[in-house]
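# Understanding the architecture of this molecule
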Amino acid sequence: MGYSREVYDAAFAELQRRRTGAQTKATALHERMVNKHPRIREIEREMANAAIRVSRAVLNGGDVIAAVERIKNKNLTLQAELAEILAKEGIHRPNFEPRYACPSCEDTGYCRNKVCDCFKALLREEAFKRLSYMGTMKDASFDSLRLDYYPDTPRSKMSPRDCMNEVFAYCKSYADDFDLNSPSLLFRGATGTGKTHVSLAIARCVINAGLGVIYGPVQKLLHQIEKEHFGRANGNSQDMMIECDLLILDDLGSEFSSPFYTSCLYNLINSRMLDGRPTIISTNLNQNELERYGEQITSRIIGTFVPLTFVGRDIRQIKLREKIKQGIE
Ligand SMILES: [Zn+2]
């Protein structure tokens, strides 16, 4: 997949940050240990002299093999001494080499003249991040979900709070166990019942597990595809939305209605379904209203997505009332 200059620069900057970070940490640790144990400096000096002693042994003739063996043994003793000093400090790798995030390429992004997998992963992550709209609810996580916003008076057999308790538990396990075999989900329910919050909480979990997620309101994502399609922007957003591990289309039904958008939606949903990649759609449309997208889209969503119903009152309104109340008090 091709990426824009910006994506390359951002991914490369992250690699450099990691590399410099690892090196600075290693230098600082070395300095701290040498100050505390001056013997370390002597050990290092003696080990560095070993090479000189080997060449001297060769030049002086005599039993070179025995001389080299002696120096080797001496070095092993010195290494053991260093290891012992460091072990007492809780350091169990007795050297001061930087601990790179990616040992294969030492955070340079290239391994044997090829782009390293860590760099590829960073490029992907950066590209998806740029397409997503995660900033909308920065604190959305499973921990910040509040069941007390949902009434606990039974509506039919279960209260909205009990229903939502089950929905949250399902979504939490879904996020924790997410992989490409996970099903697609359809979040249905009125405005303000927590669909976006739960979507973002899932997105965060899946991103933290190292997978590629694109999250966004349907209107914004489709508008980006449209701009690129008609040459008003550069990029390959549609390919990325098809290719990412999890695509979250928030608030289906709120976008402008157009044949172009409908065909984009069909393409996204269908391509991802054929590739076996999970998608999450949230909407406040009911089944009849979903039919506005036509038989092809509706049958795919209804036939393959696991439906989860969000119930309760509009949390945004409740929060607003709480704020106003606090302001008055
Ligand atoms: Zn690497």
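The sections below set out a description of the structure shown in this document.

Reading the values: rules and limits
- Residues numbered from 1 in each chain as written.
- Predicted model: local features only at pLDDT ≥ 70, side-chain atom pairs only at ≥ 80, totals over all residues.
- Heavy atoms only, no water.
- Axes fitted to C-alpha atoms, helices over the stretch in contact; angles between N-to-C directions.
- Helix = DSSP H or I, 4+ residues; strand = E, 2+ residues; numbered from the N terminus.
- Parallel < 35°, antiparallel > 145°, perpendicular 65-115°, else oblique.
- Contact = heavy atoms within 4.5 Å.
- Nonpolar A, V, L, I, M, F, W, Y, C, P; charged D, E, K, R; others polar.
- Core = buried A, V, L, I, M, F, W, Y, C linked by side-chain atoms within 4.5 Å.
- Buried < 20%, exposed > 50% of the residue type's maximum accessible area, 1.4 Å probe, protein only.
- Pairing = 2+ DSSP bridges.
- Right-handed = clockwise from strand over helix to strand, strands pointing away.
- Disulfide = S-S within 2.5 Å.
- Phe/Tyr/Trp six-rings, centres within 6.5 Å; stacked < 30°, edge-to-face > 60°.

### Here's the deal with the packing of helix H7 (residues 218-229) against helix H9 (residues 259-275)
Helix-helix packing: each pair is described by the crossing angle between the helix axes and the interaxial distance. The contact between H7 and H9 brings their axes to 10 Å, and the two run at 105 degrees. Between H7 and H9, the angle falls in the class roughly perpendicular. Contacts from Gln219, Leu222, His223, Ile225, Glu226 and His229 in H7 reach Phe260, Tyr261, Cys264, Leu265 and Leu268 in H9. Of the residues contributing to the contact of H7 with H9, the split by class is seven nonpolar, three polar and one charged.

### So, the nonpolar core
In this structure, Ile214 and Ile301 are the most contacted members of the largest nonpolar core, which totals 41 residues. Looking at this core, the elements with two or more residues in it are helix H1 (5-36), helix H4 (117-131), H7, helix H8 (237-243), strand S5 (246-252), H9 and helix H11 (295-304). Among the elements that make up this core, the one with the highest residue count is H4 (seven residues). Setting aside chain neighbours within four positions, we find Ile214 in contact with Phe128, Leu131, Ser132, Leu221, Met240, Met241, Cys244, Leu246, Leu247 and Ile248.

### Digging into the pairing of strand S6 (residues 279-283)
Counting buried positions along S6 gives five out of five residues, so the element sits mostly inside the fold. Neither face of S6 is left uncovered, since the one carrying Thr279, Ile281 and Thr283 and the one carrying Ile280 and Ser282 both have all their residues buried. Of the strand pairs in this sheet, strand S3 (residues 185-189) and S6 are connected by four bridges, and their pairing is parallel. Bridge pairing links Leu185 to Ile280 in S6. In this fold, the crossover linking S5 to S6 by way of H9 has right-handed handedness.

### Quick notes on the state of the cysteines
Counted under the stated rule, the structure contains zero disulfides. Between Cys163, a cysteine without a disulfide, and Cys171, which holds the nearest cysteine sulfur, the sulfur-to-sulfur distance is 13 Å. Here Cys171 is not disulfide-linked; the sulfur of Cys205 is the nearest cysteine sulfur, at 11 Å. Here Cys171 falls in the buried class, since its relative accessible area comes to 0%.

### Quick word on the environment of Pro217
Tracing the backbone shows Pro217 in strand S4 (residues 213-217). Sequence separation of Pro217 and Tyr133 is 84 residues, and the distance between their C-alpha atoms is 7.6 Å.

### A look at the packing of aromatic side chains
According to the stated counting rule, one finds nine aromatic pairs in the structure shown. Ring geometry for Tyr8 against Phe119: centres 6.3 Å apart, planes inclined by 80 degrees, an arrangement best described as edge-to-face. Residue Tyr8 is located in helix H1, and its partner Phe119 is located in helix H4; the two are separated by 111 residues in the primary sequence. Given a relative accessible area of 2%, Phe119 falls into the buried group.

### So, the sheet that holds S4
The pairing of strands in a sheet happens through backbone hydrogen bonds and is either parallel or antiparallel. The strand order S4-S5-S6-S3-S7 describes an open sheet built from five strands, whose pairing is parallel. Two strands bound the open sheet, and with one partner strand each, they are S4 and strand S7 (306-310). Ignoring strand direction, the axes of neighbouring strands in this sheet form an average angle of 15 degrees. Helix H6 (residues 195-208) rests against S3, S4, S5, S6 and S7 of the sheet, and its axis sits at about 155 degrees to S3.

### Some thoughts on the environment of Met273
Topologically, Met273 is positioned in helix H9. Ignoring anything within four residues of it in the chain, the contact list for Met273 reads Arg300 and Thr304.

### Side note on unusual backbone geometry
Here Glu106, not a glycine, exhibits a phi torsion of approximately 50 degrees, which is positive. Among the secondary structure elements, Glu106 is positioned in the loop between helix H3 (64-88) and strand S1 (110-111). The exposure class of Glu106 is partly exposed, given its relative accessible area of 41%. One non-glycine residue, Asp107, lies in the positive phi region at around 60 degrees. Along the polypeptide, Asp107 turns up in the loop between H3 and S1.

In short, the description is geometric, and any link to function would need to be established separately.
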